[in-house]
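Now for the letters of each chain:
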Amino acid sequence: MKLVVAEKPSVAQSLATVLGAKEKKDGYLEGGGWLVSWCVGHLVELAQPEAYGEQYAKWRYADLPILPAHWKYDVAKDKKKQLGVLRRLMEDKRVDAVVCATDAGREGELIFRLVYQQAGCSKPILRLWISSMEDAAIRDGFEHLRPGADYDLLYRAALCRAGADWIVGINATRLFSVLYGDTLNVGRVMTPTLALIVQREDAIHSFQSKPFYVPELTCGGFTAAGEKLEDKAAAEAIQTVCDGKPAVVRKVERQKKTVQPPRLYDLTTLQRECNRLYGFTAQQTLDYLQSLYEKKLATYPRTDSQYITADMQATVGSLALWLWQNMPFGKDSTTAPELEGIIDDSKVTDHHAILPTVEMARTDLSSLPAGERDVLMLLACRLLCATAQPHRFEAVLAVLESEGHTFTAKGKTILHEGWKGIEQAFRASLKQKQPEDGDENTARLPELKEQGPALHGPARFRLVLAFGQKKLSGGRCRIAEVGRHGPQLFRIEPVGKPILHRLDSSFSCRYLVGPDLSCSDSRTSFPSRKNGRRSVPPAARNFWTKCPEVGACSAICCFLLSSHLKSVQNCLDKYKRSQNIHKNLDAHQYYN
């Protein structure tokens with residue numbers, strides 16, 4: 001008999017159904033020669049600092065850094081019962097091997113291995129490695145169980161990640177909290193990411209926009225643009241000379257182009273697309289996808305591959321064919337799916353690209369929560385696009401001349417819609433207004449001949465004044481002032497509110513502090529409760545010296561992101577008030 005350990009009760013239930021383990025017990029299922037139980041997320045976790053010594057119960061910089069020689073682990077009180085069930089099952093004499101059936105990834109491996117070690121088990125480990133929760137995939141996975149030793153390096157990688165998070169989070173959080181007299185949370189990933197956002201925000205606010213002017217020639221059904229000019233008087237002079245005068249076509253260039261179908265989704269590209277189309281956060285997308293995975297409607301979510309393997313060709317082909325026939329955005333297609341472009345065994349590591357499953361055909365999609373349905377439809381659309389024909393068009397560039405001044409017009413003629421037709425049909429089905437795809441050459445130009453007139457009669461001339469590429473109407477002769485764009489900030493705006501708020505221009509980027517803060521620079525000082533100012537303590541310098549992993553964080557924000565987004569502004573305000581105490585702190589010197 002074998003014991004199967006899943007990551008969640010819902011996954012354990014799906015596995016037990018396939019294996020025939022139908023008899024419910026306290027914390028597990030039994031039947032068909034199998035015992036199926038589960039963890040509840042991370043049953044075993046790294047212990048808190050006080051487990052390594054009573055002195056660490058209080059936050060003091062003299063105790064930093066805290067570097068455990070050997071890691072200790074702890075179990076939350078509400079999870080001890082389930083750990084006891086797993087320990088008892090692993091000790092059961094009927095069990096001759098333990099199957100790790102947690103999520104097929106680094107974290108899933110860590111969850112199982114820590115439970116296995118905490119239970120003191122030494123029985124052989126077998127690994128279930130599947131990318132789909134469909135019954136067929138589960139059966140195939142159990143028929144091809146792998147030795148647990150094949151994943152020892154994956155487990156060690158997970159240990160390193162957990163240890164690095166602990167060292168950075170515990171030590172840096174305590175260090176900056178003690179130095180600034182407030183709880184300032186530091187994370188190995190969170191803090192450098194926040195630093196990049198702040199740096200980008202600073203670049204945007206310090207950017208000086210300069211206008212320029214674009215003369216435009218309206219030639220009946222299309223518009224030709226002239227050279228960008230900084231001098232408004234020069235642009236107005238062109239307007240005076242060219243307005244109402246004929247324009248002649250000097251050159252017409254035509255070039256046929258092909259846009260290949262997009263790749264399938266990995267987790268990152270799917271999260272980016274869901275944010276762009278639906279406004280979902282990365283975590284929301286992952287949660288919806290995880291739920292679809294557990295409902296057998298989507299394959300494994302945490303993948304970095306955008307391809308499938310050759311042995312999946314028949315299954316994916318039949319699925320794509322069903323989608324062609326049943327999805328509203330695929331019904332107009334008259335060609336069969338082309339799978340060659342999405343098959344590449346060399347680019348599939350642990351898991352293939354994210355796909356919908358054939359379970360869609362047996363599911364009432366209208367009964368799914370809206371977020372899950374949106375993600376699933378996006379997966380279906382991408383599979384159809386990826387297996388469709390290329391999009392082909394003819395790009396046209398026309399050069400016009402009027403009174404000695406040159407103007408250019410761009411356009412394109414669609415030769416074959418290909419996958420673009422599917423994408424456009426899908427986006428048309430979405431209720432909300434969709435963001436533009438950045439294709440500015442969508443207008444179709446009329447038939448133009450070189451050395452011929454651009455249109456019958458005089459050309460109408462206007463000078464366009466626009467900000468951020470948006471034209472502002474001003475009468476018959478419009479003037480557009482186009483700003484030279486600076487760097488754009490990618491904002492994270494939950495509930496419509498940005499998490500970062502600029503305080504004032506003088507605040508600049510001084511709430512950024514890098515690892516060089518540890519050096520004994522006399523210009524760097526910290527607040528002290530007694531005398532109002534204090535230089536960097538030796539413990540802080542030793543912390544950075546002994547913990548090079550922390551230096552890899554790139555930059556640490558002095559205000560830092562607290563546990564809840566609502567405290568960010570409080571941190572910013574508090575740090576601003578502290579400027580009169582340690583006003584010599586200039587992060588530009590340290591971060592750059």
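Rules used throughout
- Residues numbered from 1 in each chain as written.
- Predicted model: local features only at pLDDT ≥ 70, side-chain atom pairs only at ≥ 80, totals over all residues.
- Heavy atoms only, no water.
- Buried < 20%, exposed > 50% of the residue type's maximum accessible area, 1.4 Å probe, protein only.
- Helix = DSSP H or I, 4+ residues; strand = E, 2+ residues; numbered from the N terminus.
- Pairing = 2+ DSSP bridges.
- Right-handed = clockwise from strand over helix to strand, strands pointing away.
- Core = buried A, V, L, I, M, F, W, Y, C linked by side-chain atoms within 4.5 Å.
- Contact = heavy atoms within 4.5 Å.
- Salt bridge = Lys/Arg side-chain N within 4 Å of Asp/Glu carboxyl O.
- Polar contact = N/O pair within 3.5 Å; in protein donor to acceptor, adjacent residues only side chain to side chain.
- Patch = residues over 30% accessible without salt bridge, like charges linked within 9 Å, V, L, I, M, F, W, Y side chains within 5 Å.
- Areas by Shrake-Rupley, 256 points an atom, 1.4 Å probe, with all protein chains shown as cover.
- Lys, Arg positive; Asp, Glu negative; His and termini not counted.
- Charge placed at Lys NZ, Arg CZ, Asp CG, Glu CD.
- pLDDT = per-residue confidence, 0-100.
- Axes fitted to C-alpha atoms, helices over the stretch in contact; angles between N-to-C directions.
- Parallel < 35°, antiparallel > 145°, perpendicular 65-115°, else oblique.
- Nonpolar A, V, L, I, M, F, W, Y, C, P; charged D, E, K, R; others polar.
- Left-handed = near helix turned anticlockwise from the far one by under 90°.
- Expected span 1.5 Å × (residues − 1).

Caption draft 1: Representation of the pairing of strand β7 (residues 97–101) in the model. Most of β7 sits out of view: 5 of its 5 residues are buried. Residues Ala-97, Val-99 and Ala-101 line one face of β7 and the alternating positions Val-98 and Cys-100 line the opposite face, and both faces are buried. Looking at chain direction, β7 and strand β8 (residues 125–127) are connected through 3 bridges and run parallel. By the bridge assignment for β8, Cys-100 is matched with Arg-127. Handedness of the β-α-β unit built from β7, helix α3 (residues 106–118) and β8 comes out right-handed.

Caption draft 2: Summary view of the nonpolar core. Ranked by size, the top nonpolar core spans 46 residues in total, and within it Leu-270, Met-327, Phe-329, Met-360, Leu-383 and Phe-426 carry the most contacts. The set of elements that each furnish at least two residues to this core consists of α8 (267–278), α9 (282–294), α10 (313–326), α11 (370–386) and α12 (419–428). Beyond its immediate sequence surroundings of up to four residues, Leu-270 is in contact with Tyr-265, Thr-285, Leu-289, Ile-354, Val-375, Leu-378 and Leu-379. Core analysis: the next-biggest nonpolar cluster, separate from the first, contains 43 residues, Leu-3, Leu-35, Leu-89 and Val-98 among them.

Caption draft 3: View of the pattern of salt bridges. Across all of its chains, the model carries 23 salt bridges by this definition. For the salt bridge of Arg-94 with Asp-92, the shortest nitrogen-to-oxygen distance reads 3.0 Å. The class for Asp-92 is buried, based on a relative accessible area of 19%. Salt-bridge contacts for Arg-161 lead to Asp-165; the nearest nitrogen and oxygen are separated by 2.6 Å. Of this pair, Arg-161 and Asp-165 both sit in helix α5 (residues 152–180), 4 residues apart, which is roughly one turn of the helix. Note on Arg-161: relative accessible area 17%, which makes it buried. Assessed through its relative accessible area of 26%, Asp-165 is described here as partly exposed. When salt bridges that share partners are traced, they join Arg-106, Glu-107, Arg-161, Asp-165 and Arg-188 into one network.

Caption draft 4: Inspection of the pairing of strand β4 (residues 34–38) at higher detail. β4 sits mainly inside the fold: 5 of its 5 residues count as buried. Residues of β4 alternate between two faces, with Trp-34, Val-36 and Trp-38 on one and Leu-35 and Ser-37 on the opposite face, all of them buried. Note: strand β1 (residues 2–6) against β4, 5 bridges, orientation parallel. In the strand pairing of β4, Val-4 is matched with Val-36. Bridge count for strand β3 (residues 28–31) against β4 is 4 bridges, and the pairing is antiparallel. By the bridge assignment for β4, Leu-29 is matched with Val-36. Linking β3 to β4, which pair antiparallel, is a turn of 2 residues; within it Gly-32 sits at a positive phi near 65°.

Caption draft 5: Representation of the side chain of Thr-303 within the structure. You can see Thr-303 is positioned in the loop between α9 and α10. Polar contacts involving the side chain of Thr-303 include one to the main-chain amide nitrogen of Ser-305, which spans 3.2 Å. Polar contacts involving the side chain of Thr-303 include one to the main-chain carbonyl oxygen of His-351, which spans 3.0 Å. Among all residues touching Thr-303, those that are not within four sequence positions of it are Asp-266, Leu-267, His-351, His-352, Ala-353 and Ile-354.

Caption draft 6: Summary view of a negative patch on the surface. On the surface, a cluster of negative charge is made up of Asp-140, Glu-143, Asp-311 and Asp-345. The class of Asp-140 is partly exposed, set by a relative accessible area of 42%.

Caption draft 7: Examining unusual backbone geometry more closely. Residues Leu-64 and Pro-65 are joined by a peptide bond in cis, for which omega reads 0°. Mapped onto the elements, Pro-65 comes out in the loop between β5 (44–46) and β6 (73–75). Residues other than glycine seldom take positive phi values, yet Glu-403 does so here, at roughly 55°. By the secondary structure assignment, Glu-403 is in the loop between β13 (391–402) and β14 (405–416).

Caption draft 8: Region of interest: the confidence of the model for the protein chain. Per-chain confidence: the protein chain averages 76 in pLDDT, with 73% of residues scoring 70 or above. The low-confidence segment residues 456–576, where pLDDT is below 50, has 302 contacts with residues more than four positions distant or belonging to other chains. Low confidence marks residues 578–592, where pLDDT is under 50. Its contacts with residues over four positions away, or in another chain, come to 45 contacts.

Caption draft 9: Representation of the sheet that holds β7. Read across the sheet, 7 strands follow the order β2-β3-β4-β1-β7-β8-β9 without closing on themselves; strand pairing throughout is mixed. What marks the edges here is a single partner per strand, and that holds for β2 (23–24) and β9 (146–147). Two elements, β8 and β9, share 2 bridges in a ladder whose sense is antiparallel. Directly across from Leu-126, in β9, lies its bridge partner Pro-147. Across the sheet, helix α1 (residues 9–19) touches β1, β2, β3, β4 and β7, and the angle it forms with β4 is around 165°.

Caption draft 10: Expanded view of the packing of α9 against α11. Running from amino to carboxyl end, α9 crosses α11 at an angle of 80°, the nearest separation of the two axes being 9 Å. Taken together, the axes of α9 and α11 lie roughly perpendicular to each other. Between α9 and α11, the contacting residues are Tyr-288, Leu-289, Ser-291 and Leu-292 on the first element and Gly-371, Glu-372, Val-375, Leu-376 and Leu-379 on the second. When its residues are assigned to classes, the contact of α9 with α11 shows 6 nonpolar, 2 polar and 1 charged.

Caption draft 11: Spotlight on the packing of α8 against α11. Where α8 contacts α11, the two axes come as close as 11 Å, and the packing angle between them is 115°. Between α8 and α11 lies a crossing of right-handed hand. Contacts between α8 and α11 involve Leu-270, Glu-273, Cys-274, Leu-277 and Tyr-278 on the former and, on the latter, Asp-374, Val-375, Leu-378, Leu-379 and Arg-382. A class-by-class count of the residues in the contact of α8 with α11 yields 7 nonpolar, no polar and 3 charged.

Caption draft 12: Seen up close, the environment of Lys-24. Looking at the secondary structure, you find Lys-24 in strand β2. With a relative accessible area of 67%, Lys-24 lands in the exposed category.

Caption draft 13: Structural context of α5. Look at α5: 42 Å from first C-alpha to last across 29 residues, which is about the 42 Å you get at 1.5 Å a residue. Gly-181 sits one or two positions beyond α5 and adopts a positive phi of about 70°.

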